[in-house]
Amino acid sequence: MNQTRVFLIFAWLMVATLLWMEWGKWKTAQDHPATPVAAATTTPAADAGGSGVPSTEGLATTPSPGTAAATTAPANSAAAAPAAASTQVTVTTDTLKLVIDGSKVLRAQLLQYPQSRDPGAPPVELFNQNPAQLYTAGLAWTSQGSAAPGPGAVFRPEQPQRDYVLASGQDSLRIPFVWEGNGVRIVRTFTITRGAYLVGVSDQVTNTGSAPWTAVIYRQLERTPPPPVKGGITNPHAFSLVGAAWRTASGAYERRKFGDDYLEDGKLNQDMKGGWIAMLEHHFLSAWVPDPQQPALVSLDERTVGGVRRYLVSETGPSLTVAPGQTGTTDARLWVGPKLVKAIKASGIPGLDSAVDYSRFAPLAVIGSGLFWILSHLHDLLGNWGWSIIGLVVVVKLVLFPLSSAQYKSMAKMRKFQPRMQQLKERYGEDRAKLQQAMMELYKKEKINPMGGCLPILVQMPIFLCLYWVLNESVELRQAPWILWIHDLTARDPYFILPVLNVLVMWLTQKLSPTTGMDPTQAKMMQFMPLIFGATMAFFPSGLVLYWVTNGSLGLLQQWWMGRVHGQPSLGKPESDKPDKTVRK
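Predicted, not measured: the structure shown is a model, and the values here were computed from it.

### Points about the overall build of the chain
Link 1 in the chain: The secondary structure content of the chain amounts to 12 helices and 19 strands.
Link 2 in the chain: Scored against the burial criterion, the 585 residues of the chain give a buried share of 51%.
Link 3 in the chain: A fraction of 69% describes how many contacts in the chain between residues 6 or more apart in sequence connect residues 24 or more apart.
Link 4 in the chain: By element, 59% of the accessible surface of the chain is carried by carbon and sulfur atoms, the whole surface being about 27000 Å².

Next up, the structure:
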């Protein structure tokens, strides 16, 4: 098998895989159209027995001593608005700007991540209270017989200050809120640290009453689905998971995509210890991380408010009992920010780096993690993600050099016996069985491996696909420049310079590859392959095209050198089709 055929196999495998992925996404949309569910189907958040997933709707707007209903009566909204506004606190650090009311994080802006590269572009906003795009993180208590700050309970700021700004030289901010009822006082403290996207949330319960106080805490993420992303296989957003994820008690990473089948496998109700719950989107995530030593129950739910569907994931537990005159505490952490691999690993949260979703298939995810590990270390050395991608190509080429060398040797041997193979075709004509038998005898006699050129391509295929996911998922590359005209490696080349170079490299590779014995129809089709494949890659992220151009250029250089070593004709020089007289008719 010559280099041209190997390249054809590789090109079509990649295109077929990407088209299959796009077809799957399209079919899912066709089978499950995103139509609003009628408001009458709203599911109650919790019943009197505490079953179901409590809702964060109405937190700090409808005072309630216990577990409240999921929805808030419209008549109470206007009256509660001034009180709700008076309990809101704005916190600004070097990384985050949060609006908190004690029960929920109402708004979260990522100050170091603008929405676009345009001057003055607003920062990316995760949590917000826009009903059509609602996204929030909340927590509350539920109790069978004790007064507890359930949904709608008002936590008031302990201090009169409403705006907190992390000052120069200050490492962290602590914002305490207080709830009191029937001899129970709960101080909820939010702690935000410089340079971090992890918010500490601690509830300290003091029982000044005469009877034991028992309640269960639950934490929840709730959001409406974001607008559908268009752009097909060339848009990095199109294949990123938008949905809920969690880590099970066994350490497994599981996820559910938003859609009509969100609850198809049930509401989960799965025990968890040492895990977390999260909501994911392209490049960013939010996650509740309870105390790893305390058990919890993970649940999923969905409901409809005002004709808009909302998806929920929650963790319930542990149950806390505080004797009269005693104090109890429960802690958790809230991640709200980008999918920064190093920062996530530094936080010490087991398995949260799995949220950087390189692939749904575990082996490919491992390859993707390894590729990013190499890429990040190259970035530490080179200081530029574009040059790091080029360095990654060099590393991959060096690792695969033994396979590539075997490939070119196999090609050289196949090229040597092409005239004899052509004579066998002429001898046996349309008798396929005898032709195959004669070919196998020739391979066996001359010790030729006809699949020798395929092995490197089979190894490179998963690497290329994993790199596609790595470049798509890595927020580190978001809006990262390379040189000159490339200002964002996750966006397409604005002037199509890299795609044109890609076409040129492919054309030169094709000219350097032998065509002896190739079917005329196949040869004509191959002439258009550089243009077709180049046009396909034109709208892919420039970082991926940069990888492909570099990989192709090094492959071209390697093929030229190995061709000289093994006697391949020079570029543009036709190979002789003179028959080998060792095969007699």
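### A closer look at the environment of glutamate 180
Link 1 in the chain: Mapped onto the secondary structure, glutamate 180 falls in strand S8 (residues 172-181).
Link 2 in the chain: A C-alpha to C-alpha distance of 9.5 Å links glutamate 180 and arginine 156, two positions 24 residues apart in sequence.
Link 3 in the chain: A distance of 3.0 Å separates a polar atom in the side chain of glutamate 180 from a polar atom in the side chain of arginine 185.

### What about the packing of aromatic side chains?
Link 1 in the chain: Under the counting rule described, the total for this entry stands at 14 aromatic pairs.
Link 2 in the chain: Relative to tyrosine 262, the ring of phenylalanine 258 lies with its centre 5.7 Å away and its plane at 65°, an arrangement referred to as edge-to-face. Here the two residues phenylalanine 258 and tyrosine 262 agree in accessibility, since each one is buried.
Link 3 in the chain: Cation over ring: arginine 188 sits above phenylalanine 155, and NZ or CZ is 4.1 Å from the ring centre.

### Here we look at the sheet that holds strand S9 (residues 184-193)
Link 1 in the chain: What the nine strands build is an open sheet, ordered S6-S8-S9-S10-S19-S16-S15-S12-S13; its pairing is antiparallel. The two strands at the open ends of the sheet, each matched to only one other strand, are strand S6 (156-157) and strand S13 (253-257).
Link 2 in the chain: As paired strands, strand S16 (residues 284-290) and strand S19 (residues 327-338) are joined by seven bridges and run antiparallel to one another. Across the sheet, the residue bridging to phenylalanine 284 is proline 338, located in S19.

### Notes on the nonpolar core
Link 1 in the chain: Ranked by size, the top nonpolar core spans 112 residues in total, and within it Phe127, Trp141, Val199, Trp213, Leu285, Trp288 and Val313 carry the most contacts.
Link 2 in the chain: Of all the elements, helix H9 (residues 455-473) adds the most residues to this core, at eight residues.
Link 3 in the chain: If sequence neighbours within four positions are ignored, tryptophan 213 has contacts with Trp141, Ser146, Ala147, Ala148, Val184, Ile186, Val205, Asn207, Leu320, Thr321 and Val322.

### Focus: the pairing of strand S18 (residues 308-322)
Link 1 in the chain: Taken across its 15 residues, S18 has 11 buried, putting it largely inside the fold.
Link 2 in the chain: Both strand S11 (residues 213-223) and S18 contribute to a ladder of 10 bridges, which runs antiparallel. Considered in S18, the bridge of glutamine 220 is made with serine 314.
Link 3 in the chain: Between strand S17 (residues 296-305) and S18, which follow one another and run antiparallel, lie two residues, and glycine 306 among them has a positive phi close to 60°.

### Remarks on the environment of arginine 174
Link 1 in the chain: Counting through the fold element by element, arginine 174 comes out in strand S8.
Link 2 in the chain: Given the relative accessible area of 56%, arginine 174 is considered exposed.
Link 3 in the chain: Put simply, arginine 174 and threonine 193 are 19 residues apart on the chain and 8.9 Å apart in space, counted from C-alpha to C-alpha.

### Remarks on the packing of helix H7 (residues 418-428) against helix H8 (residues 432-446)
Link 1 in the chain: Remark: H7 packs on H8, axes separated minimally by 9 Å, with the N-to-C direction vectors making an angle of 155°. Judged on the interaxial angle alone, H8 and H7 are roughly antiparallel. As H7 packs across H8, the resulting crossing turns out to be right-handed. Residue-level inspection shows Arg420, Met421, Leu424, Lys425 and Tyr428 of H7 in contact with H8, the latter providing Lys434, Leu435, Ala438, Met439, Leu442, Tyr443 and Glu446.
Link 2 in the chain: Taken together, the residues of the contact of H7 with H8 break down into eight nonpolar, no polar and four charged.

Cut-offs and rules
- Counting from 1, residues in each chain are numbered in the order their sequence is written.
- Only residues with pLDDT of at least 70 get local features here, since the model is predicted, and only at 80 or more are side-chain atom pairs given and counted; chain-wide, interface and lining totals rely on the full set of residues.
- Side-chain metrics rest on all non-hydrogen atoms present in the structure, leaving aside hydrogens and water.
- Helix and strand assignments follow DSSP, with helices taken as H or I runs no shorter than four residues and strands as E runs no shorter than two, numbered in order from the N terminus.
- Each residue's exposure class comes from its accessible area (1.4 Å probe, protein chains only) as a fraction of the maximum for that residue type: buried when under 20%, exposed when over 50%, partly exposed otherwise.
- By definition, residues are in contact when any of their heavy atoms lie within 4.5 Å.
- Accessible areas in this description were obtained via Shrake-Rupley with a 1.4 Å probe; residue shielding takes into account the shown protein chains only.
- What qualifies as a polar contact is a pair of N or O atoms within 3.5 Å, subject to a donor-acceptor requirement within protein and to the restriction that residues adjacent in sequence count only when both atoms come from side chains.
- Aromatic rings from Phe, Tyr and Trp, taking only the six-membered ring of Trp, are treated as a pair when their centres fall within 6.5 Å; an angle between ring planes under 30 degrees marks them as stacked, one over 60 as edge-to-face, and anything in between as tilted.
- A ring is scored as having a charge over it whenever the NZ atom of a lysine or the CZ atom of an arginine sits within 6 Å of its centre and within 35 degrees of its normal.
- Any two strands between which DSSP finds at least two bridges are classified as paired.
- In these notes, a set of buried Ala, Val, Leu, Ile, Met, Phe, Trp, Tyr and Cys residues joined through side-chain atoms within 4.5 Å is what counts as a nonpolar core.
- For helices, the axis comes from a line fit to the C-alpha atoms of the stretch in contact; other axes are also lines fit to C-alpha atoms, and the angle between any two N-to-C directions lies between 0 and 180 degrees.
- Working definition: roughly parallel below 35 degrees, roughly antiparallel above 145 degrees, roughly perpendicular at 65 to 115 degrees, and oblique for all remaining angles.
- Crossing handedness is defined as follows: a turn of the near helix away from the far one that is anticlockwise and smaller than a right angle gives a left-handed crossing, while the clockwise case is right-handed.
- Residue polarity is assigned by list, with Asp, Glu, Lys and Arg as charged and Ala, Val, Leu, Ile, Met, Phe, Trp, Tyr, Cys and Pro as nonpolar; anything else, Gly included, falls into the polar class.

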